[in-house]
Amino acid sequence: MSSLENVLTTSKRYRIVIPSRGRSKKIKNLEKLLEEFTVAVVPEELEKYQVDNPDYDIQPLRRESMNVADARQMIQDMFEEEFIVFIDDDFKHIECQVGQKSRVYKDKDSIKK
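Residues numbered from 1 in each chain as written. Predicted model: local features only at pLDDT ≥ 70, side-chain atom pairs only at ≥ 80, totals over all residues. Heavy atoms only, no water.

Asker: Help me understand the sheet that holds strand S1 (residues 14-19) in this model?
Answerer: Either a parallel or an antiparallel arrangement is found when strands of a sheet pair, and the pairing is made through backbone hydrogen bonds. Read across the open sheet, the four strands follow the order S3-S2-S1-S4; overall the sheet is parallel. Both outer strands of the open sheet, strand S3 (57-60) and strand S4 (83-86), are each paired with one neighbouring strand and no more. If you compare each strand with its neighbour and ignore which way they point, the axes differ by 35 degrees on average. The pairing of S1 with strand S2 (residues 38-41) spans three bridges and is classified as parallel. Bridging across to S2, Ile-18 finds its partner in Val-39. (Pairing = 2+ DSSP bridges. Helix = DSSP H or I, 4+ residues; strand = E, 2+ residues; numbered from the N terminus. Axes fitted to C-alpha atoms, helices over the stretch in contact; angles between N-to-C directions.)

This is the structure we're talking about:
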């Protein structure tokens, strides 16, 4: 088990949250790397995200317009997990840099190796 997989599977003390706006059709790419995540959207886009992504956990923020810092604070207040991991809605891979060995993970299977 890789150290990254170990961190992500040893407990459910964390939640991966992806704040998103205006990219309801692009978040399907995230399932290549993540098995479980929550997408946080402004209320006026909630229905569009739910229609475009019926199998995902889509949660509304409490206010419609806000800056990024306010949205992140609101997300931290929304969930009870000890750790909230924020990931951009347009990320393409995860890079692990430990010591002098850098590894790039582009799908779930490569993380499990």
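Still more ground to cover, so stick around.
Asker: Even after reading the chapter, I still don't get helix H3 (residues 68-78), so can you show me in this structure?
Answerer: Along an α-helix, residues three or four apart share an orientation, since each turn contains 3.6 residues. Looking at H3, one finds that the buried residues are Ala-71, Met-74 and Ile-75. Taken down its axis, H3 places every buried residue within 100 degrees of arc, on the same side. With respect to the buried face of H3, the exposed residues turned more than 90 degrees away are Ala-69 and Asp-77. Taken together, the buried residues of H3 touch S1, S2 and S4. (Buried < 20%, exposed > 50% of the residue type's maximum accessible area, 1.4 Å probe, protein only. Arc of directions from axis to C-beta. Contact = heavy atoms within 4.5 Å.)

Asker: Explain the pattern of salt bridges to me, please; I cannot follow it from the model alone.
Answerer: Between side chains of opposite charge, pairing is possible as soon as their charged atoms come close. Tallying each qualifying case throughout the model produces eight salt bridges. Glu-44 is paired through a salt bridge with Arg-21; the nearest N and O atoms lie 2.8 Å apart. Within this pair, whereas Glu-44 is found in the loop between S2 and helix H2 (46-52), its partner Arg-21 is found in the loop between S1 and S2, the two being separated by 23 residues in sequence. Assessed through its relative accessible area of 40%, Glu-44 is described here as partly exposed. Look at Arg-21 and you get partly exposed, because its relative accessible area is 42%. Residue Arg-23 is joined to Asp-89 by a salt bridge in which the shortest nitrogen-to-oxygen separation is 2.5 Å. With a gap of 66 residues between them, Arg-23 in the loop between S1 and S2 and Asp-89 in the loop between S4 and strand S5 (94-98) connect regions that are remote in the sequence. (Salt bridge = Lys/Arg side-chain N within 4 Å of Asp/Glu carboxyl O.)

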